[in-house]
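Given next are the chains, with one letter for each unit.
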Amino acid sequence: YDLLLSGLFNMINGMLGLPWLVATTVPCIIHLNALADKDVDGKIISVQETRLTMLLSHLLVGLSLLALSLLKLLPMPVLYGVFLFMVLKLLPMPVLYGVFLFMGMSALPGMQFWNRILLWIQQPSKYPETPAIKYMETKKIHLYTMLQLFFFGLVFTVQNFPQIAIVFPLMTLLCLPGRLVFLPRFFEGWELLLLDGEDENIDEWITLKEESMQGKSACDVEYGDQGSSESEA
């Protein structure tokens, strides 16, 4: 639904000559964490969906830009009243970069990609308890992370070279066949589910897995009892 609306608005903005809507990853992650209900261990239970906060924040940004452009049109008495807006022009760029750096660093602990990178420098006994680590081989998890780093390097390279930056949307589009066609050549379907699936589907898979293991154990016990009876006979 959100992607459909973004595509519709981008089509309208393109026809009007306006900038496109893009996904700002770091603010989105921080926004979700702020709206999330968590347990005592910090695990997200649910997220309160709302678009009001993003609407108000972007409205304030637009009003700030509008105020800065109107400063030259206002008389001097009014300029004293809006002196606060003039301070925005005095903010050095390193301060803004520091804000974005803080936002990015604070969002890293909640990213699975970053947590899987940390597995390379952690002792196996210190690994977090996740379904992928519990049911998958560690080398398969590392392989998935290396493939992600490879795709990230491609996208980063294309984005930062002006000569080929025009194909950046194509690189984003190639993520679909990469996930649907390329990754299944290296991983089983249940492994991809544990690595990047929805929490509800993962919980359902774990339930079925545990039920099948319990059923197999019960069959082994029953078979063992029958074998003992036959040997006694």
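Residues numbered from 1 in each chain as written. Predicted model: local features only at pLDDT ≥ 70, side-chain atom pairs only at ≥ 80, totals over all residues. Heavy atoms only, no water.

A. Inspection of a nonpolar patch on the surface at higher detail. On the surface, Phe161, Ile164, Ile166, Val167, Leu170, Leu173, Leu174, Leu176, Leu180 and Val181 cluster together to form a nonpolar patch covering roughly 980 Å² of accessible area. Listed by contribution, the elements that provide at least two residues to the nonpolar patch are α10 (168-173) and α11 (175-182). No other element matches α11, which puts three residues into the nonpolar patch. (Patch = residues over 30% accessible without salt bridge, like charges linked within 9 Å, V, L, I, M, F, W, Y side chains within 5 Å. Areas by Shrake-Rupley, 256 points an atom, 1.4 Å probe, with all protein chains shown as cover. Salt bridge = Lys/Arg side-chain N within 4 Å of Asp/Glu carboxyl O. Helix = DSSP H or I, 4+ residues; strand = E, 2+ residues; numbered from the N terminus.)

B. Molecular detail of helix α6 (residues 93-107). For α6, with 15 residues, the first-to-last C-alpha span of 21 Å sits near the 21 Å given by 1.5 Å per residue. All of the buried residues in α6 are Met103, Gly104 and Ala107. The arc enclosing the buried residues of α6, seen along the axis, measures out at 95 degrees, which places them on a common side. For α6, the exposed residues lying more than 90 degrees away from the buried face are Pro94, Leu101, Phe102 and Met105. (Expected span 1.5 Å × (residues − 1). Buried < 20%, exposed > 50% of the residue type's maximum accessible area, 1.4 Å probe, protein only. Arc of directions from axis to C-beta.)

C. Expanded view of the side chain of Arg116. Inspection of the secondary structure assignment puts Arg116 in helix α7 (residues 112-118). Here Arg116 sits buried without a salt bridge, and the closest side chain of opposite charge, Asp196, lies 7.6 Å off (N-O distance). A polar side-chain atom of Arg116 sits 2.7 Å from a polar atom in the side chain of Gln148. When near neighbours in sequence (up to four residues on either side) are disregarded, Arg116 contacts Ile141, Tyr144, Thr145, Gln148 and Leu195. (Lys, Arg positive; Asp, Glu negative; His and termini not counted. Polar contact = N/O pair within 3.5 Å; in protein donor to acceptor, adjacent residues only side chain to side chain. Contact = heavy atoms within 4.5 Å.)

D. Up close: the packing of helix α9 (residues 138-160) against helix α12 (residues 189-196). Between α9 and α12, the least distance of the axes is 12 Å, while the angle of their chain directions is 65 degrees. Between α9 and α12, the angle falls in the class roughly perpendicular. Where α9 crosses over α12, the handedness of that crossing is right-handed. Together, Lys140, Ile141 and Tyr144 of α9 and Glu191, Leu192, Leu195 and Asp196 of α12 make up the contact between the two elements. Among the residues making up the contact of α9 with α12, the classes are represented as four nonpolar, no polar and three charged. (Axes fitted to C-alpha atoms, helices over the stretch in contact; angles between N-to-C directions. Parallel < 35°, antiparallel > 145°, perpendicular 65-115°, else oblique. Left-handed = near helix turned anticlockwise from the far one by under 90°. Nonpolar A, V, L, I, M, F, W, Y, C, P; charged D, E, K, R; others polar.)

E. Representation of the pattern of salt bridges within the structure. A full pass over the atoms with the stated rule returns three salt bridges. A salt bridge links Asp196 to Arg179, with the shortest nitrogen-to-oxygen separation between them at 2.7 Å. One end of the pair, Asp196, is in helix α12; the other, Arg179, is in helix α11, and 17 residues separate them in sequence.

F. A look at the nonpolar core. Counting 17 residues, the largest nonpolar core has Phe187, Leu194 and Leu195 as its most contacted members. Contributions of two or more residues to this core are made by α8 (131-135), α9, α12 and α13 (199-232). Of the residues forming this core, the biggest block, four residues, is contributed by α12. Setting aside its immediate chain neighbours within four residues, Phe187 contacts Lys140, Leu143, Tyr144, Leu147, Leu192 and Leu195. (Core = buried A, V, L, I, M, F, W, Y, C linked by side-chain atoms within 4.5 Å.)

G. Region of the structure containing the side chain of Glu191. Relative to the elements of secondary structure, Glu191 occurs in helix α12. Setting aside its immediate chain neighbours within four residues, Glu191 contacts Met136 and Lys140.

H. Local environment of the environment of Met54. With respect to the helices and strands, Met54 occurs in helix α3 (residues 52-70). A sequence separation of 23 residues divides Met54 from His31, and the C-alpha atoms of the two residues are 8.4 Å apart.

I. Geometry of a negative patch on the surface. A grouping of Glu198, Asp199, Glu200 and Asp203 is seen on the molecular surface, where their side chains present a negatively charged patch. The residue Asp199 is located in helix α13 in this model. (Charge placed at Lys NZ, Arg CZ, Asp CG, Glu CD.)

In short, geometric facts, not functional conclusions.
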